[in-house]
Structure formats: C-alpha cells, structure tokens
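Here is what each chain is made of, one letter per residue.
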Protein chains: 2
Amino acid sequence: MCVDKEHKYLCAAGGILSIISKKWALLIIYKLGTRGRLRFTDFSTELDTINPQALSETLKDLVSEGLIERESFPEVPPRVEYFLTPEGQTLWELVKPLIQWAAERDYRDKDRCDKICRKKMCHSKNSPCKRELQNERKNNNL
Amino acid sequence: MCVDKEHKYLCAAGGILSIISKKWALLIIYKLGTRGRLRFTDFSTELDTINPQALSETLKDLVSEGLIERESFPEVPPRVEYFLTPEGQTLWELVKPLIQWAAERDYRDKDRCDKICRKKMCHSKNSPCKRELQNERKNNNL
DNA sequence: CAGTATCCAGCGCGATACTG
DNA sequence: CAGTATCGCGCTGGATACTG
C-alpha cells in the first residue's frame, strides 16, 4: 500500500480529508481549540443543534484518531469532558489559519457566507439561518 | 444570515469544508500546487483513475470558487489547462503544512496509511491499492 | 482531447424515540 | 446527562457510454 512517496502523500491527504470532511469534525476541533474542555451537551448547544447520533459518531472518530480525548467522571448524573490531545492541538494550529482565511473571503463576498450557510450549516431545524429562511419564504408567499 | 461573529466563523469553516470535503478537491489543489499547469487527462492519470464525471464537477466548483482557472486553447485536438489562481495559491500554502503533518503521522503509524488508502483512495478499479487488495483476497481464499 | 449524459449504490446525516 | 437504536432521504461519487 501507499506504493511510492507521491502516493503516500495522496493517502495522507485522504486521511486528512476523511477527518476534516466529516461535517462537524472541524467545528468540534474549533470549539475545543477556542473553548477548552466541553461536555457532550455543550456541543449540542454550541453547534446549533447537531443531532446526538452524528455528534457521538464524530467524537468517537476523533478519539480513535487520537485528536481528542474523552474523560468521564464517576458522578451522578454522569459527566464527560472532551478536550484536544497535543496532536489535536497541532491540527488545530494548522486549521485555524484556514478558517481565518475562509472568514476573510466571506467578509469580502457577503453572498458566499449566505450560500454556504444555507447549504452546509442550516439543515438543522432550529438554526438561526433556518428560521430566517422560513421567514423569507413566508414573506415571499404573501 | 451568519447572525453573529461566532456563527460567521462556523459558516466560514463550513465553506472550507464544502470545498475541501469534495473527495478530490484537495488533491487537485495539491497537484496544481506541486506540478503547475495540468490538463484534464493529466488529472485522470495523476489521480489514480478519478472518473471524468467527478473530475469535471470538482474542477467547475473550484473554478467558480475562484481557486483555479481554466484556459482553453483553440487547437485541434482541443487543449485545456488548469492552474491555481493567486487565491488558490494562498489556500495551497495553508493546505501544504496540513498534508505534511498528515504524511508524518502516517509515517509514524504505518497501518493508518493502509486503512485510509482502502477507505478513501482505493475505490477506483485500477488503483494500485485496489490491485493489492484483490491479490490479498485471492490469497486468503486459497 | 475534454468533457457530458445516465444510471445507480453507499452512506453521511437528520429526526425521533429510547436507556443506564 | 450522555449517549444508543432505528429509519429514511439526499447527495456524492463510481461505472459506462457517448459527443463536438
């Protein structure tokens, strides 16, 4: 596998992709990078109603990738915290400028942000974008 | 839309995701970043049998994102070249360290590369990985 | 050569209900 | 609280054939 150096690089890129391309993975890393430790439900509220199923899966993936760590406290009610591993922090340092670059692009082209919002981040029922869209539609149908 | 600064950042991340998460987009940028100008069929051979349909769509997306540019020459047979725009080069500069980081991880953990290869990069019929996998299976069935 | 047209499969993800 | 179980849809991307 990964027969030559070139192909190895492609594999590596593929590996990053398989991590990053999960819809919520980068945002989870973003949140942990800026906020520090977070609990399961923190993500639910922070990430604009990601559903527990997708969240659970993505967290597991990131844990098994060694990018975040899970610490559970033997309390009632249970408490679990997630945080970046050193390796995750390294990734975060690389991802941060990427997000900043993206934010600047959006700033220069305001329509982009809206389009992206609609397409990628506003599927969830109660997201701010979704509500705005629903209002728009209402008004258009009048 | 993008109601507050935080949400704007999430949108930006979503924008990056929508670009990057296309299976072949990063690799196209990688190839253009390292090779310079490339033609349509160059990608087909460079990228281990990506199919023309997916390639065509991804290229269009990247063009409409302003990350790459398409130049067609009025010749017979037709010739078309793709290359990074300045904006695309900026992205490439940000993506490069990401890929290097990924390559180093894979180097430390050899199994990772194999797994990723299988999962993400070896779907196409004639990829080196695919052929190796088929051989493996044959041997196991003996 | 540089694509387009079609058809189809897999799965990522959303919604919802349930549990230790 | 921190998840798991189940179901279903839509989109991405693969294979193949065709065209200016």
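Residues numbered from 1 in each chain as written. Chains lettered and ligands numbered in written order. Predicted model: local features only at pLDDT ≥ 70, side-chain atom pairs only at ≥ 80, totals over all residues. Heavy atoms only, no water.

Chain A is annotated in an unreviewed UniProt entry as Transcriptional regulator from Methanospirillum stamsii.

## What to know about the protein's contact with DNA strand D
Put simply, the rule reads: Any residue with a heavy atom positioned within 4 Å of a molecule or strand is treated as near that molecule or strand. Pairing of N or O atoms within 3.5 Å defines a polar contact, subject to two protein rules: one partner must be a possible hydrogen donor and the other a possible acceptor, and residues neighboring in sequence count only if both atoms are side-chain atoms. By definition, any uninterrupted DSSP run of H or I lasting at least four residues is a helix, any uninterrupted run of E lasting at least two residues is a strand, and each is numbered from the N terminus. Classes in brief: Ala, Val, Leu, Ile, Met, Phe, Trp, Tyr, Cys and Pro nonpolar; Asp, Glu, Lys and Arg charged; the others, Gly included, polar.
Near DNA strand D there are 23 residues, and of these Ser56(A), Lys60(A), Arg70(A), Tyr82(A) and Lys23(B) occur at the shortest range. Within 4 Å of the protein, the contacting atoms of DNA strand D are drawn from sugar and phosphate to the extent of 72%. The separation between a phosphate oxygen of DNA strand D and a polar side-chain atom of Lys23(B) is 2.5 Å. Within the contact set of DNA strand D, a base nitrogen lies 3.5 Å away from a side-chain nitrogen or oxygen of Asn51(B). Elements with a contribution of two residues or more to the surface near DNA strand D: helix 3 (40-46), helix 4 (52-64) and strand 3 (79-84) of chain A together with helix 4 (52-64) of chain B. No other element matches helix 4 of chain A, which puts 4 residues into the surface near DNA strand D. Here the surface near DNA strand D is built from residues that sort into 9 nonpolar, 7 polar and 7 charged.

## Description of the pairing of strand 2 (residues 68-73) of chain A
Residue and element names in this part refer to chain A. Defined as follows: For two strands to pair, DSSP has to find at least two bridges joining them.
Sheet topology places strand 2 next to strand 3; 6 bridges connect them, and they run antiparallel. Directly across from Ser-72, in strand 3, lies its bridge partner Val-80. Here strand 2 hands over to strand 3 after 5 residues, the two strands then running antiparallel side by side.

## A few points about the protein's contact with DNA strand C
Near DNA strand C lie 23 residues; those nearest to it are Lys23(A), Asn51(A), Ser56(B), Arg70(B) and Tyr82(B). Each atom of DNA strand C within 4 Å of the protein was assigned to sugar, phosphate or base; sugar and phosphate come to 70%. For DNA strand C, a phosphate oxygen lies 3.5 Å from a polar atom in the side chain of Trp24(A). Contacts to DNA strand C include Arg39(B), whose side-chain N or O atom sits 2.8 Å from a phosphate oxygen. When contributions to the surface near DNA strand C are tallied by element, the ones reaching two or more residues are helix 4 of chain A together with helix 3 (40-46), helix 4 and strand 3 (79-84) of chain B. The dominant element in the surface near DNA strand C, judged by the number of residues it contributes, is helix 4 of chain B, at 4 residues. The class makeup of the residues in the surface near DNA strand C is 9 nonpolar, 7 polar and 7 charged.

## Overview of the packing of helix 1 (residues 5-20) of chain A against helix 2 (residues 25-35) of chain B
Heads up, the condition is: Only C-alpha atoms enter the line fits that serve as axes; for helices the fit covers just the stretch in contact. Angles between N-to-C directions range over 0 to 180 degrees. For classification purposes, angles smaller than 35 degrees are called roughly parallel, those larger than 145 roughly antiparallel, those between 65 and 115 roughly perpendicular, and all remaining angles oblique. We call a crossing left-handed when the near helix sits turned anticlockwise from the far one by less than a right angle, and right-handed when that turn is clockwise. Contact definition: two residues touch when any of their heavy atoms are within 4.5 Å.
The interhelical angle for the contact between helix 1 of chain A and helix 2 of chain B, taken along N-to-C directions, is 140°, at an axis separation of 10 Å. Comparing the axis directions of helix 1 of chain A and helix 2 of chain B gives the class oblique. Of the two possible hands of crossing, helix 1 of chain A and helix 2 of chain B adopt the one that is right-handed. Only Leu26(B), Leu27(B), Tyr30(B), Lys31(B) and Arg35(B) of helix 2 of chain B make contact with helix 1 of chain A, whose side of the interface consists of Glu6(A), Tyr9(A), Leu10(A), Ala13(A) and Leu17(A).

## Section: the nonpolar core
Going by this rule: The nonpolar core is taken to be a set of buried Ala, Val, Leu, Ile, Met, Phe, Trp, Tyr and Cys residues, with the residues joined through side-chain atoms within 4.5 Å. Categorising residues by exposure relies on relative accessible area from a 1.4 Å probe, with only protein chains included: less than 20% of the type maximum marks a residue as buried, more than 50% marks it as exposed, and the intermediate range marks it as partly exposed.
With 72 residues, the main nonpolar core has Ile28(A), Phe43(A), Ile28(B) and Phe43(B) as its most contacted residues. Apart from the residues within four sequence positions on either side, Phe43(B) is in contact with Ile28(B), Lys31(B), Leu32(B), Leu38(B), Ile50(B), Leu55(B), Leu59(B) and Tyr82(B).

## With respect to the packing of aromatic side chains
Residues and elements named next belong to chain B. Here is the rule we go by: Ring geometry is summarised as follows: Phe, Tyr and Trp rings, the Trp one being its six-membered ring, pair when their centres sit within 6.5 Å, and such pairs are stacked at plane angles under 30 degrees, edge-to-face over 60 and tilted between the two.
Counting across every chain of the model gives 4 aromatic pairs over all chains. Plain terms: the ring middles of Tyr-30 and Trp-92 are 5.7 Å apart, the flat faces sit at 75° to each other, and that makes the pair edge-to-face. Of the two residues, Tyr-30 sits in helix 2 while Trp-92 sits in helix 5 (residues 86-108), which places them 62 residues apart along the sequence. For Tyr-30, a relative accessible area of 7% puts it in the buried group. Overall, Trp-92 belongs to the buried group, its relative accessible area being 6%. An angle of 65° between the planes, with centres 6.3 Å apart, marks the rings of Phe-43 and Tyr-82 as edge-to-face.

## What about the pattern of salt bridges?
This is how the line gets drawn: Here, a salt bridge means any side-chain nitrogen of Lys or Arg that lies within 4 Å of a carboxyl oxygen of Asp or Glu.
On inspection of all chains with the given rule, the structure shows 21 salt bridges over all chains. Lys22(A) is the salt-bridge partner of Asp61(A), the closest N and O atoms lying 2.9 Å from each other. Linking Asp61(A) in helix 4 with Lys22(A) in the loop between helix 1 and helix 2 (25-35), this pair joins segments that are 39 residues apart in sequence. On the accessibility criterion, Asp61(A) (32% relative accessible area) is partly exposed. As a salt-bridge pair, Glu75(B) and Arg79(B) come within 2.8 Å of each other at their nearest N and O atoms. Among the ionic contacts, a cluster of salt bridges with common partners joins Arg37(A), Glu71(A), Glu75(A), Arg79(A) and Glu81(A).

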